[in-house]
Amino acid sequence: MVHKVLFWGGFGIAVRLWQLGIEMRPILAKESLWVYPLFAGVGGSFGYWLQGVESRQLKILAQRREAILEKRRRRDERGVAEAAATA
């Protein structure tokens, strides 16, 4: 989980650097240093949210996989029972 938050926090800082590059403004001006933690925080928050989305999706996929496997087991048992009944 931490790697996603750190990655997206770094991505937020990179976006700020890109913004300043486009505007051709100094990167480390004293009056705009407070914005870096803001961009990192927004990016980190997005990473945290994304981690929650991923864990919920993985949980849903695991439930669906178990349901499908159970359905296949029941189908195979029915097939074996029908084969035994006809033999």
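Residues numbered from 1 in each chain as written. Predicted model: local features only at pLDDT ≥ 70, side-chain atom pairs only at ≥ 80, totals over all residues. Heavy atoms only, no water.

Under the annotation held in an unreviewed UniProt entry, the chain carries the name NADH-ubiquinone oxidoreductase 14 kDa subunit and is attributed to Aspergillus wentii DTO 134E9.

A. Seen up close, the packing of helix 1 (residues 2–23) against helix 2 (residues 35–86). Remark: helix 1 packs on helix 2, axes separated minimally by 7 Å, with the N-to-C direction vectors making an angle of 140°. What the angle tells us is that helix 1 and helix 2 run oblique. Where helix 1 crosses over helix 2, the handedness of that crossing is right-handed. On the side of helix 1, the interface is formed by Lys4, Val5, Trp8, Gly9, Gly12, Ile13, Val15, Arg16, Leu17, Gln19 and Leu20, while helix 2 contributes Val35, Tyr36, Phe39, Ala40, Gly43, Gly44, Phe46, Gly47, Tyr48, Leu50, Gln51 and Glu54. Counted by class, the contact of helix 1 with helix 2 contains 13 nonpolar, seven polar and three charged residues. (Axes fitted to C-alpha atoms, helices over the stretch in contact; angles between N-to-C directions. Helix = DSSP H or I, 4+ residues; strand = E, 2+ residues; numbered from the N terminus. Parallel < 35°, antiparallel > 145°, perpendicular 65-115°, else oblique. Left-handed = near helix turned anticlockwise from the far one by under 90°. Contact = heavy atoms within 4.5 Å. Nonpolar A, V, L, I, M, F, W, Y, C, P; charged D, E, K, R; others polar.)

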